[in-house]
Amino acid sequence: MINYLNIIQLVSGIAAAVLVFVGIFMSVKALNPEKHDTIPMKTTVISAIVIALGLLCYAVTKTCTNLTVITEEQYELWTLYLASAGEVAKSFGFIVFIPVVFRLFKPKSRRDEQTDIPEEENS
């Protein structure tokens, strides 16, 4: 059973890293300082959900770690998963709010360097 836990832990750890980076990348990709637009709400919500799924996958990794440490006491799997999810939320829960922070801070608009000054003709 320990071999299966190691495989599950490895797969869920890789999936967690991929999901978190994809969620952050989606938000960063939507940033366009040349257009001076905010990130669309749909992109913000989707990237926050993807990051949250990544953190839940990381909770599976933590659960597998806790299962190998706790051998004497018999806890249910859901109890260990909820405890691990709470620990992950306490440690890394702020990462979910990164897309929201990107959305809140709208890039400052620049004035065009060209000024429209009409040329006066001397007659």
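Residues numbered from 1 in each chain as written. Predicted model: local features only at pLDDT ≥ 70, side-chain atom pairs only at ≥ 80, totals over all residues. Heavy atoms only, no water.

### Quick look at the side chain of Ser-47
The cut-off we apply is this: By definition, any uninterrupted DSSP run of H or I lasting at least four residues is a helix, any uninterrupted run of E lasting at least two residues is a strand, and each is numbered from the N terminus. A 1.4 Å probe rolled over the protein chains alone gives each residue an accessible area, and that area as a share of the maximum for its type sets the label: buried under 20%, exposed over 50%, partly exposed in between. Identification of polar contacts relies on pairs of N or O atoms within 3.5 Å, with a donor-acceptor requirement for protein atoms, meaning one able to donate a hydrogen and the other able to accept it, and with residues adjacent in sequence counted only if both atoms are side-chain atoms. A contact between two residues is defined here by any heavy atoms of the two lying within 4.5 Å.
Along the chain, the position of Ser-47 falls in helix 2 (residues 41-69). Residue Ser-47 is classed as buried on the basis of its relative accessible area, which comes to 0%. A distance of 2.9 Å separates the side chain of Ser-47 from the side chain of Ser-27, its partner in a polar contact. Setting aside its immediate chain neighbours within four residues, Ser-47 contacts Gly-23, Met-26, Ser-27 and Pro-99.

### Overview of the packing of aromatic side chains
Threshold: Each aromatic pair joins two rings of Phe, Tyr and Trp (for Trp, the six-membered one) with centres within 6.5 Å, and gets the label stacked for planes under 30 degrees apart, edge-to-face for over 60, and tilted for any other angle.
In this structure the tally under the stated criterion is two aromatic pairs. With centroids separated by 5.7 Å and ring planes inclined at 85°, the aromatic side chains of Tyr-58 and Phe-92 adopt a geometry described as edge-to-face. Of this pair, Tyr-58 sits in helix 2 while Phe-92 sits in helix 3 (residues 77-92), placing them 34 residues apart in sequence. What makes Tyr-58 partly exposed here is its relative accessible area of 28%. Given a relative accessible area of 34%, Phe-92 falls into the partly exposed group.

### Looking at the nonpolar core
To keep things clear, this is the line we draw: Nonpolar cores are built from buried Ala, Val, Leu, Ile, Met, Phe, Trp, Tyr and Cys residues. Side-chain atoms within 4.5 Å join them into one set.
The biggest cluster of nonpolar side chains holds 10 residues, and these are Val-20, Ala-48, Ile-51, Leu-55, Ala-59, Tyr-81, Ala-85, Val-88, Ile-95 and Val-96. It is helix 2 that provides the largest number of residues to this core, a total of four residues. Those residues within four positions of Ala-48 in sequence are excluded, and the remaining contacts are Val-96 and Pro-99.

### Quick notes on helix 3
The test is simple: To estimate how far a helix should extend, the number of its residues minus one is multiplied by 1.5 Å. Note that the arc is computed from the directions linking the helix axis to the C-beta atoms.
For helix 3, which comprises 16 residues, the first-to-last C-alpha distance of 22 Å matches the rise-based estimate of 22 Å (1.5 Å per residue) to within 8%. Listed in full, the buried residues belonging to helix 3 are Leu-80, Tyr-81, Ser-84, Ala-85 and Val-88. Seen end-on, helix 3 carries its buried residues on one side only, within an arc spanning 135°. The exposed set on the far side of helix 3, more than 90 degrees from its buried face, consists of Leu-82 and Lys-90.

### Notes on the side chain of Ser-84
Following the sequence through the fold, Ser-84 ends up in helix 3. Ser-84 sits in the buried class, given a relative accessible area of 0%. Of note is the side chain of Ser-84, whose polar atom sits 3.4 Å from the side chain of Thr-63. A polar contact is formed between the side chain of Ser-84 and the backbone oxygen of Leu-80, at a distance of 2.9 Å. Once you skip the residues sitting within four places of it in the chain, Ser-84 turns out to touch Ala-59, Lys-62, Thr-63 and Asn-66.

### Brief notes about the pattern of salt bridges
The criterion, for reference: In what follows, salt bridge is the name for a side-chain nitrogen of Lys or Arg lying within 4 Å of a carboxyl oxygen of Asp or Glu.
In total, this model carries one salt bridge according to the counting rule given. Linking Lys-62 and Glu-87 is a salt bridge whose minimum nitrogen-to-oxygen distance equals 3.2 Å. One end of the pair, Lys-62, is in helix 2; the other, Glu-87, is in helix 3, and 25 residues separate them in sequence. Glu-87 sits in the partly exposed class, given a relative accessible area of 32%.

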